[in-house]
Amino acid sequence: MEKIGVFLAEGFEEIEALTVVDICRRCGLEAETVSVTEERVVESSHGVGVRADKVFSQADVPGYAMLVLPGGMPGTKNLEAHEGLMAQVDEFHKAGRYIGAICAAPSILGHRGILRGRKACCYLGFESHLEGAQVTQGPVEVDGHVVTSRGMGTAVDFALAIAEIFCGQEKAREVAQGILYAG
């Protein structure tokens, strides 16, 4: 079974992170939340404490099929400041392995040169950080091994795109129908 790592830093956007976990688990994927703070409970940008499945030092990050970076502030900046996670993001990119980022978090990929020549989208006002990308206003962009999305309102689209990659279009459609998703 494929395993997805969803990384949580202080100030993350809870809807963006937990929607991915929920949809992936509904599809039969294993989705783990990983705290980069080394504390199991991570506080979201709206003061919601979420208990992560693992802390970064316990996680088998190279064993994940995909790394997912939720947005939110200051969560995005805190993810980008984590050297161990950024080293893994670079390794995944070099190997052509899946990386996903939503809201402000695609800026991290832009800063690392991962979006050059790719279609990408992000939260309003962060477009200048998508260095070298063809920036779109779509709800989600899948370009090769990189998946980006615009924000909380597109979190279901983002999660379903990830589900489709690993479980196929039919399973993603089945889950979308099961949650009464009208998008």
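Residues numbered from 1 in each chain as written. Predicted model: local features only at pLDDT ≥ 70, side-chain atom pairs only at ≥ 80, totals over all residues. Heavy atoms only, no water.

Draft legend 1. Summary view of the environment of Gly-71. Inspection of the secondary structure assignment puts Gly-71 in the loop between strand S6 (66-69) and helix H2 (75-80). For Gly-71, a relative accessible area of 0% corresponds to the buried category. Considered as a pair, Gly-71 and Ala-101 are 30 residues apart in the sequence and their alpha carbons are 7.3 Å apart. In this structure Gly-71 touches Gly-11, Phe-12, Glu-13, Glu-16, Thr-76, Ile-102, Cys-103, Ala-104 and Ala-105, once residues within four positions along its chain are discounted. (Helix = DSSP H or I, 4+ residues; strand = E, 2+ residues; numbered from the N terminus. Buried < 20%, exposed > 50% of the residue type's maximum accessible area, 1.4 Å probe, protein only. Contact = heavy atoms within 4.5 Å.)

Draft legend 2. Just the packing of aromatic side chains, in detail. All told, the structure shown has 3 aromatic pairs when counted by the stated rule. Seen in terms of ring centroids, Phe-7 and Tyr-64 are 6.2 Å apart; in terms of plane orientation they differ by 80°. Their pairing is edge-to-face. Of this pair, Phe-7 sits in strand S1 (residues 3-8) while Tyr-64 sits in the loop between strand S5 (54-55) and S6; the two residues are 57 residues apart in sequence, bridging distant segments of the chain. Both residues of the pair, Phe-7 and Tyr-64, belong to the buried class. (Phe/Tyr/Trp six-rings, centres within 6.5 Å; stacked < 30°, edge-to-face > 60°.)

Draft legend 3. Here's a closer look at the packing of helix H1 (residues 14-26) against helix H5 (residues 155-167). It is at 9 Å that the axes of H1 and H5 come closest, and there the two elements cross at 40°. Relative to H5, the element H1 lies oblique. For the element pair H1 and H5, the recorded crossing hand is right-handed. For the pair formed by H1 and H5, the contact residues are Ile-15, Glu-16, Thr-19, Val-20, Ile-23 and Cys-24 on the first element and Ala-155, Val-156, Phe-158, Ala-159, Leu-160, Ile-162 and Ala-163 on the second. For the contact of H1 with H5, a count of residues per class yields 11 nonpolar, 1 polar and 1 charged. (Axes fitted to C-alpha atoms, helices over the stretch in contact; angles between N-to-C directions. Parallel < 35°, antiparallel > 145°, perpendicular 65-115°, else oblique. Left-handed = near helix turned anticlockwise from the far one by under 90°. Nonpolar A, V, L, I, M, F, W, Y, C, P; charged D, E, K, R; others polar.)

Draft legend 4. Up close: the pattern of salt bridges. Applying the stated criterion across every chain yields a total of 9 salt bridges. Close ionic contact of Lys-3 with Glu-32 constitutes a salt bridge, the shortest N to O distance being 3.6 Å. Of this pair, Lys-3 sits in strand S1 while Glu-32 sits in strand S2 (residues 30-35), and the two are 29 residues apart along the sequence. Residue classification places Lys-3 among the partly exposed residues on the basis of a relative accessible area of 25%. (Salt bridge = Lys/Arg side-chain N within 4 Å of Asp/Glu carboxyl O.)

Draft legend 5. Local environment of the side chain of Thr-19. Within the fold, Thr-19 resides in helix H1. Polar contacts involving the side chain of Thr-19 include one to the main-chain carbonyl oxygen of Ile-15, which spans 2.6 Å. Setting aside chain neighbours within four positions, we find Thr-19 in contact with Glu-14, Ala-155, Val-156 and Ala-159. (Polar contact = N/O pair within 3.5 Å; in protein donor to acceptor, adjacent residues only side chain to side chain.)

Draft legend 6. Region of interest: the side chain of Glu-14. Take Glu-14: it is sitting in helix H1. Buried and unpaired, Glu-14 has Arg-25 as its nearest opposite-charge partner, separated by 16 Å. (Lys, Arg positive; Asp, Glu negative; His and termini not counted.)

Draft legend 7. Up close: the nonpolar core. Counting 31 residues, the largest nonpolar core has Ile-4, Val-6, Leu-8, Val-20, Val-68 and Ile-162 as the members making the most contacts within it. Broken down by secondary-structure element, the contributors of at least two residues to this core are S1, H1, S6, H5 and helix H6 (169-178). The leading source of residues in this core is H5, at 7 residues. Discounting chain neighbours no more than four positions away, the residues touching Leu-8 are Ala-17, Thr-33, Val-34, Ser-35, Val-36, Thr-37, Val-42, Val-50, Ala-52, Pro-70 and Leu-79. (Core = buried A, V, L, I, M, F, W, Y, C linked by side-chain atoms within 4.5 Å.)

Draft legend 8. Fine view of the packing of H5 against H6. Where H5 meets H6, the axes come as close as 7 Å, and the angle between the chain directions of the two elements is 140°. Of the possible angle classes, the one that applies to H5 and H6 is oblique. Along this stretch, H5 crosses H6, giving a crossing that reads as right-handed. Judged by residue contacts, Leu-160, Ala-163, Glu-164 and Cys-167 of H5 engage Gln-169, Lys-171, Ala-172, Val-175 and Ala-176 from H6.

Draft legend 9. Quick peek at the sheet that holds S6. Strand order in the open sheet made by the 7 strands is S5-S2-S1-S6-S7-S11-S10, with mixed pairing throughout. Edge positions in the open sheet fall to S5 and strand S10 (140-143), since each of these has one partner strand only. Pairing of S6 with strand S7 (residues 98-102), which is carried by 4 bridges, proceeds in the parallel orientation. Across the sheet, the residue bridging to Leu-67 is Ile-99, located in S7. (Pairing = 2+ DSSP bridges.)

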